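# Analysis of the macromolecular model
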Amino acid sequence: DEQIERERASQHLAGGCCALAAIYLMGKFYVANAGDSRAIIIRNGEIIPMSREFTPETERQRLQFLALLRPELLGKEFTHLEFPRRIQPKELGKKMLYRDQNMNGWAYKKIEENDLKFPLIYGEGKKARMMATIGVTRGLGDHDLKVFSSNIHIKPFLSCFPEVRVYDLTQYEHCPDDVLVLGTDGLWDVTNDKEVAAVVMEVLTSYEPNDPCRYTMVAQELVVRSRGVLKERGWRLANDKLGSGDDISVFVIPLGGPGNYT
């Protein structure tokens, strides 16, 4: 992240990206995630999550706590408190549900003038945004990103530090159908863990266990199914729901070789 900051002027580069990495060292997989990509292990049909997404919703309390400590980062335009909906001026003095950096649930508070500011985090699901700008809260870059039509920088709220999970391969017997799947959010936006596992099993069983291309074909099938088919109303999945409009990158990594097949 620091290197990107140093080079952004000389390389004329702007923007940022998420990062998901898997490293194999001495019998263990270390999976590091900063962003909204996802990794899962499929072992004997069981799904084992190896990451979690970092979004304004999942990191709400961290973001709110930073905003409480450094209110100058909000530029007098945002409030660190969260409300179920935007508050109207006519609601001043009335009671409204809210939550702050210490709360998991909701409580009531009397609406004050400061509460009329735009919430630090607004929206739900994929539409959730921090400072009405960005939907992911960890990653690399974005050093110059600002709130639209303002001089408020987003970068202080973005973390480049990943969460790391460890999987010990020596604790289990693995067959060629056991895999680690890494995918960007373009895959997971329209395909859940169980659906991915079903595609993995479906494709792998159509190839011989010692055929190395079987894993590439799984990745290809996951991309194709998540993108869908181009129709008059845009890209559509098999169930006619909207296909993924985001980039879709998928890696399928075998955990066991042909010799381990039982």
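Just so it is clear, the model here is predicted, and its values are computed rather than measured. The residue numbering used here restarts from 1 in each chain and proceeds along that chain's sequence as written. Reporting of local features is limited, given that this is a predicted model, to residues whose pLDDT is at least 70; pairs of side-chain atoms are given and counted only at 80 or more, and all residues count toward the totals for whole chains, interfaces and linings. Only hydrogens and water are set aside; all other atoms, that is, all heavy atoms of the structure, feed into the side-chain values.

Let's shift gears to the nonpolar core. Soluble globular proteins tend to pack their nonpolar side chains together in the buried interior. Buried residues of nine kinds, namely Ala, Val, Leu, Ile, Met, Phe, Trp, Tyr and Cys, make up a nonpolar core once their side-chain atoms join them within 4.5 Å. The rule is simple: take the accessible area with a 1.4 Å probe, protein chains only, and divide by the maximum for that residue type; under 20% is buried, over 50% is exposed, in between is partly exposed. Ranked by size, the top nonpolar core spans 19 residues in total, and within it Val179, Val181, Val196, Val200, Leu222, Val250 and Val252 carry the most contacts. The helix and strand labels rest on DSSP assignments: H or I over at least four residues marks a helix, E over at least two residues marks a strand, and numbering proceeds from the N terminus. Of all the elements in the fold, those that place two or more residues in this core are β4 (38-43), β14 (179-183), α3 (185-188), α4 (193-204), α5 (214-227) and β17 (250-254). Counting residues per element, this core draws most heavily on α4, which supplies six residues. For this analysis, residues touch if any pair of their heavy atoms sits within 4.5 Å. For Val200, the contacting residues outside a window of four places in its chain are Ile42, Val179, Val181 and Val218.

Often, the extent of an interface is quoted as the loss of accessible area upon association of its parts. The assigned domain composition of the protein is domain 1 (1-52 + 162-254) and domain 2 (59-141). Each domain's extent is set by a domain assignment, obtained either automatically or from a database. Distance between the C-alpha centres of domain 1 and domain 2: 32 Å. In this complex, domain 1 contributes 14 residues to the contact, which on the side of domain 2 involves six residues. Buried area counts how much accessible surface, traced with a 1.4 Å probe, disappears from two parts once they are put together, with both parts' losses summed. When domain 1 packs against domain 2, the two sides together hide about 810 Å² of surface, and 57% of this comes from carbon and sulfur. Here, a salt bridge means any Lys or Arg side-chain nitrogen found within 4 Å of an Asp or Glu carboxyl oxygen. Connecting domain 1 to domain 2 are three salt bridges. Residues Asp189 and Lys126 are paired through a salt bridge, measuring 3.3 Å at the closest nitrogen-oxygen approach.

Evaluated as defined, the whole model comprises 21 salt bridges. The partner of Glu91 in a salt bridge is Arg85, with the nearest N and O atoms 2.6 Å apart. Accessibility expressed as a relative area gives 11% for Glu91, which makes it buried. Connected via shared salt-bridge partners are Asp36, Lys126, Asp185 and Asp189.

Let us look at α5. Helices are assigned an expected span. That span is 1.5 Å times one less than the residue count. Given a rise of 1.5 Å per residue, 14 residues ought to cover 20 Å, and the 20 Å separating the end C-alpha atoms of α5 matches this to within 8%. Taken as a whole, α5 has its buried residues at Arg214, Tyr215, Val218, Ala219, Leu222 and Ser226. Down the axis of α5, the smallest arc covering the buried residues is 150°, so these residues share one side. Looking at the buried side of α5, the elements it contacts are β14, α3, α4 and β17. Gly228 sits one or two positions beyond α5 and adopts a positive phi of about 90°. Taken from the helix axis, the directions to the C-beta atoms give the arc we talk about.

Our focus in this paragraph is the sheet that holds strand β2 (residues 19-25). Pairing in this open sheet of three strands is antiparallel, and the strands run β2-β3-β13 from one edge to the other. If you trace the sheet from one side to the other, it starts and ends with β2 and β13 (163-168), each paired once. Shown here is a sheet whose adjacent strand axes are inclined to one another by a mean of 15°, direction ignored. Taken together, the seven bridges between β2 and strand β3 (residues 28-34) define a ladder with antiparallel strand orientation. When the sheet's bridge partners are listed, Ile23 is paired in β3 with Tyr30. Each pair of strands is called paired provided DSSP finds at least two bridges between the two strands. Axes, fitted as lines to C-alpha atoms, cover a helix only where it is in contact. Angles between the N-to-C directions of the axes lie from 0 to 180 degrees.

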